[in-house]
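In case you want the letters, here they are:
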Amino acid sequence: MCNSLAPVAYRASSEDTDSRKEYPPAPEPLPVPVMDNHTHLDFRHGLIEVPVRDAMDSAEAVGVQGAVQVGCDLESSRFTVQAVDADPRLLGAVAIHPNDAPVYAGRGELESALAEIEELAAHPRIRAIGETGLDFFRTHGEGLVAQRYSFRRHIDIAKRLGLTLQIHDRDAHDDVVEVLMEEGAPERVVFHCFSGDEELARICNQNGWYMSFAGTMTFKNAGNLRAALAIAEPQRILVETDSPFLTPHPYRGRPNASYMVPYTVRSMAEVTGDDLSELCSRLAENTLQAYGSWA
């Protein structure tokens, strides 16, 4: 059974009959184009494998004119470089994910991995180092030593190359802020999939850090995210999917993609009280400020 309302590229094959695996219907297009500032186009969902160009065509059809493809390890970072060469609607970010840093360290490969990340980051369409940061949900004990070291090294790379830093922060708000303060944050910092509350939002406001909101802010139990968005400085907010994860309400639990951004943007407008077109224009301008031009 195929989801006939989803973009053609995302329709399930006849072999995949589980409705929970179906991509949601395409939303109404946005009145002003925006960008998805965090997606993983190399992550395959079930039996559906969507080529980069098809994914971006589906996004562009609903007013998502560009995206930042994000690497999490060497394989996905190499893919990111290939993707930004293949489609001008993409910019890229490369890094070793916090939960992968201990794995590389355990094999004695973290230093060589970080060296390759720096080499990949020299590509002119790679505009960010990320996603990097701290994750106290999946990594514990001795693994945190490698995770913290890797985070500090990524900060250094971003600063030396003049790139934006994309933060992965899970259950580690205070420690992420502490490391940023100790190391000295790069000029541009993005808290990817912002997961904090009003306190962290105030810290981001004070330091000029961007807060990127994903489909999680639409969840019924995400009052803390909506409260944070409500006090976030307008020039500091971004939107993302983190696809294929974090699909916005009312399709939570189903796969996500960049074409789903309009659902989150409309929810953001309800929280901020902004006119939808004005919010879209602001999100687009903020994204350009964070990553530079797509041209």
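A brief report on the enclosed structure follows. Keep in mind the model is a prediction, meaning the values are calculated, not measured.

## Considering the pairing of strand β7 (residues 210–213)
- Burial of the side chains of β7 extends over both faces: Tyr210 and Ser212 are buried on one face and Met211 and Phe213 on the other.
- One ladder, built from 2 bridges, connects strand β6 (residues 189–191) with β7; its direction is parallel. From the neighbouring strand, Phe191 faces β7, where its bridge partner is Met211.
- This β-α-β element, β6 to helix α7 (residues 198–207) to β7, shows right-handed connectivity.
- For β7 and strand β8 (residues 237–239), the ladder comprises 3 bridges, and the chain directions are parallel. Bridge pairing in β8 links Ser212 to Leu238.

## Examining the packing of aromatic side chains
- In this structure the tally under the stated criterion is 6 aromatic pairs.
- Considering the side-chain rings of Phe43 and Phe245, the 5.8 Å spacing of their centres and the 70 degrees angle between planes classify their relative orientation as edge-to-face. Separated by 202 residues along the polypeptide, Phe43 in the loop between β1 (34–39) and α1 (52–60) and Phe245 in the loop between β8 and α9 (261–272) bring together distant segments of the chain.
- Judged by relative accessible area, which is 30%, Phe43 ranks as partly exposed.
- Take Phe245: its relative accessible area is 40%, and that puts it in the partly exposed class.
- With 5.5 Å between their ring centres and 65 degrees between their planes, Tyr251 and Tyr263 make a pair best called edge-to-face. Here Tyr251 is found in the loop between β8 and α9, whereas its partner Tyr263 is found in helix α9, with 12 residues between them in sequence.
- The structure contains a cluster of three or more aromatic residues connected by ring pairs, namely Tyr10, Tyr23 and Tyr259.
- When the ring centre of Tyr210 is taken as origin, the NZ or CZ atom of Arg236, which lies over that ring, is 4.9 Å away.
- The ring of Phe219 is capped by Arg252, whose NZ or CZ atom sits 3.8 Å from the centre of that ring.

## Some details on unusual backbone geometry
- Cis peptide bonds are those with omega within 30 degrees of zero, and the linkage from Gly130 to Glu131 qualifies with 10 degrees.
- Counting through the fold element by element, Glu131 comes out in strand β4 (residues 126–135).
- Omega for the peptide link from Ser243 to Pro244 comes to 15 degrees, which places this bond in the cis form.
- Tracing the backbone shows Pro244 in the loop between β8 and α9.
- In this structure, Cys193 takes a positive phi of about 45 degrees despite not being glycine.
- Here Cys193 shows up in the loop between β6 and α7.
- We note that Leu246 has phi near 60 degrees; this positive angle belongs to a residue other than glycine.
- Topologically, Leu246 is positioned in the loop between β8 and α9.

## Digging into the sheet that holds β1
- Read across the open sheet, the 8 strands follow the order β1-β2-β3-β4-β5-β6-β7-β8; overall the sheet is parallel. The sheet terminates laterally at β1 and β8, the two strands that pair on one side only. Along the sheet, successive strands turn relative to each other by an average axial angle of 30 degrees, direction set aside.
- For strand β5 (residues 164–170) and β6, the ladder comprises 3 bridges, and the chain directions are parallel. Across the sheet, residue Ile167 finds its bridge partner in β6, namely Phe191.
- Lying on the sheet, α9 is in contact with β1, β2 (64–70), β7 and β8; it crosses β8 at an angle near 150 degrees.

## Quick notes on the pattern of salt bridges
- All chains considered together, the criterion is met by 15 salt bridges.
- For Glu111, the salt bridge identified is with Arg153, shortest N-O distance 2.6 Å. Here the residue Glu111 occupies a position in helix α4 (residues 110–120), and Arg153 occupies one in helix α5 (residues 143–161), the gap between them amounting to 42 residues.
- Assessed through its relative accessible area of 42%, Glu111 is described here as partly exposed.
- Its relative accessible area of 21% is what places Arg153 among the partly exposed residues.
- Through salt bridges with shared partners, a single network forms among Arg53, Asp57, Glu60, Asp87 and Arg89.

Cut-off values and rules
Residues numbered from 1 in each chain as written. Predicted model: local features only at pLDDT ≥ 70, side-chain atom pairs only at ≥ 80, totals over all residues. Heavy atoms only, no water. Buried < 20%, exposed > 50% of the residue type's maximum accessible area, 1.4 Å probe, protein only. Helix = DSSP H or I, 4+ residues; strand = E, 2+ residues; numbered from the N terminus. Pairing = 2+ DSSP bridges. Right-handed = clockwise from strand over helix to strand, strands pointing away. Phe/Tyr/Trp six-rings, centres within 6.5 Å; stacked < 30°, edge-to-face > 60°. Lys NZ or Arg CZ within 6 Å of the ring centre and 35° of its normal. Axes fitted to C-alpha atoms, helices over the stretch in contact; angles between N-to-C directions. Contact = heavy atoms within 4.5 Å. Salt bridge = Lys/Arg side-chain N within 4 Å of Asp/Glu carboxyl O.

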